[in-house]
Amino acid sequence: MKKRMISGIKPTGQLTLGNYIGALRPFVQSQEEYDVNVFIANLHCITMPIDPQELETNLKDALLFYLASGLDPEKCTIFLQSDVKEIAQLGFIMSCVTPMGELNRMTQYKDKKDTGMSLSGGFYTYPTLMTADIVIHQADLVPVGEDQKQHVELARNTAERFNNRFGDTFVIPEPVIAKVGSKIMSLQDPTKKMSKSDTEGEKGVIYLRDNLKSARKKIMSAVTDSLGVVKYDVENQPGVSNLLTIYAALENISIPEAEAQFKDSQYGGFKKAVADRVVAELEMLQTGYEKFNQGEYLAEVLEKGAEAMRPTAKKTLEDVQRKMGLDWL
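Treat the numbers as computed from the prediction; the structure is a model and nothing was measured.

J.: An account of the nonpolar core is requested, with residue identities and associated values reported.
T.: In this structure, L24, I246 and V278 are the most contacted members of the largest nonpolar core, which totals 62 residues. Not counting chain neighbours up to four residues away, the residues in contact with V278 comprise L17, I206, I219, I246 and L250. By size, the runner-up hydrophobic cluster in this structure holds 28 residues, among which are V84, V152, F170 and V320.

Set out below in structure tokens:
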């Protein structure tokens, strides 16, 4: 049997090139080798305030870009998180077996707790919902970026704690981090991750729905340095290193291979090559977006996906509740 892989994207904004390289492409590349299950994390989207119409648009865009990127409903399972209602129920149970100390150490909470922002209870406990996302489906592997590895560690700790107390129940998941492109940085501040919630403007972020001319201009305006050498050196040349990562990931080559390709290039020519590659990828994605933009087909994909995921989720939740004494009949 193929190992089961699960992951999802939280579309609180438009999907970015970073989402595509760091998540969607690895999903697509894994669907032949693994039992790939990809969800749209809509429950995670409401831990912070978001306009309902904006959320609807983002959720639909996420599904369309899943399909446009090459995820095939005949080879993998695509579903909406809230369509498998057992996940939220297990999420509450997981919060009850997770010490507050572990939640206090989660990076996203630590980064925001002293900012004065009004944080919801859902924001504090969403890592335990993420644990449920993983363990309820008995997943072996979880593709994540570097910044999400902590969540898989929490899922592993919680699953092990539960198994030790109540008997073998959950598969202990392993994180899978892409060799190239697991973290794409801002084009304007390459010390920060390219984020759909970038507060410093949109010049550093390439969105999958960007106008192709705009995307090209962003690459050509990307921050580099005064060294004039195309070399992968994150500490001294973070901008160039980021562009090399983007190019290598899209070309499916290693960083050293990308370096060798541009060893005699000036920055202008290097940026043009990266821009050409990014624009070609965006054009392919946007063409697929329009191709799959049919409401009836999208509904069929999500319903088929939810139906496929419910049996394992139901069985896992029933096992958990029985072992904890919640169900005694």
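J.: How would you summarise the pattern of salt bridges if you had to cite specific residues and measurements?
T.: Counted by the stated rule, this structure contains 20 salt bridges. One salt bridge in this structure joins R209 and D61, with 2.9 Å as the shortest N-O distance. Taken as a pair, R209 in the loop between β5 (174-176) and α8 (212-220) and D61 in helix α2 (residues 52-68) lie far apart in primary sequence, 148 residues in all. Residue classification places D61 among the buried residues on the basis of a relative accessible area of 6%. Two residues, D264 and K263, come together in a salt bridge whose shortest N-O distance is 3.1 Å. For the pair shown, D264 and K263 are each scored as exposed. Connected via shared salt-bridge partners are R25, E251, R277 and E281.

J.: Break down helix α1 (residues 17-30) for me, with residues and values.
T.: With 14 residues, α1 extends 19 Å between its outermost C-alpha atoms, agreeing within 8% with the 20 Å of an ideal straight helix rising 1.5 Å per residue. In α1, a bend of some 30° at L24 exceeds every other bend along the element, and P26, a proline, comes one to four places later. Across the 14 residues of α1, 13 count as buried, placing the element largely inside the fold. One side-chain oxygen of the residue at the start of α1 lies 3.1 Å from the amide nitrogen of G18, identifying that residue as T16.

J.: Residue-level account of the pairing of strand β3 (residues 77-80), with values.
T.: Walk down a regular strand and you will see the side chains alternate between the two sheet faces. Of the two faces of β3, the one carrying T77 and F79 and the one carrying I78 and L80 are both buried. Of the strand pairs in this sheet, strand β2 (residues 35-40) and β3 are connected by 4 bridges, and their pairing is parallel. Considered in β3, the bridge of I40 is made with L80. Viewed along the sheet, the connection from β2 through α2 into β3 turns out right-handed.

J.: Any details on the packing of α8 against helix α11 (residues 267-292)? Residues and values, ideally.
T.: One can describe the packing of α8 onto α11 by two numbers: an axis separation of 9 Å at closest approach and a directional angle of 150°. As far as their axial angle goes, α11 and α8 are roughly antiparallel. Of the two possible hands of crossing, α8 and α11 adopt the one that is right-handed. Along the contact surface, α8 presents L212, A215, R216, I219 and M220, while α11 presents G268, K271, K272, V274, A275, D276, V278, V279, L282, E283 and Q286. The residue makeup of the contact of α8 with α11, split by class, is 9 nonpolar, 2 polar and 5 charged.

J.: For the environment of S95, give the residues involved together with the corresponding values.
T.: With respect to the helices, strands and loops of the structure, S95 is situated in helix α3 (residues 86-96). Taking the C-alpha atoms as reference points, S95 and A132, 37 residues apart in sequence, are found 9.4 Å from one another. Reaching out from S95, the side chain makes a polar contact with the backbone oxygen of F92 at a distance of 2.5 Å.

J.: Could you give an account of the side chain of T77, naming the residues involved and the relevant values?
T.: Note that T77 resides in strand β3. T77 has contacts with V36, N37, V38, G305, A308 and M309, leaving out every residue within four places of it along the chain.

Conventions used here
- Residues numbered from 1 in each chain as written.
- Predicted model: local features only at pLDDT ≥ 70, side-chain atom pairs only at ≥ 80, totals over all residues.
- Heavy atoms only, no water.
- Core = buried A, V, L, I, M, F, W, Y, C linked by side-chain atoms within 4.5 Å.
- Buried < 20%, exposed > 50% of the residue type's maximum accessible area, 1.4 Å probe, protein only.
- Contact = heavy atoms within 4.5 Å.
- Salt bridge = Lys/Arg side-chain N within 4 Å of Asp/Glu carboxyl O.
- Helix = DSSP H or I, 4+ residues; strand = E, 2+ residues; numbered from the N terminus.
- Expected span 1.5 Å × (residues − 1).
- Bend = angle between axes of the 7 residues up to and from the residue.
- Polar contact = N/O pair within 3.5 Å; in protein donor to acceptor, adjacent residues only side chain to side chain.
- Pairing = 2+ DSSP bridges.
- Right-handed = clockwise from strand over helix to strand, strands pointing away.
- Axes fitted to C-alpha atoms, helices over the stretch in contact; angles between N-to-C directions.
- Parallel < 35°, antiparallel > 145°, perpendicular 65-115°, else oblique.
- Left-handed = near helix turned anticlockwise from the far one by under 90°.
- Nonpolar A, V, L, I, M, F, W, Y, C, P; charged D, E, K, R; others polar.

None of the figures reported here should be taken as evidence of function without further support.
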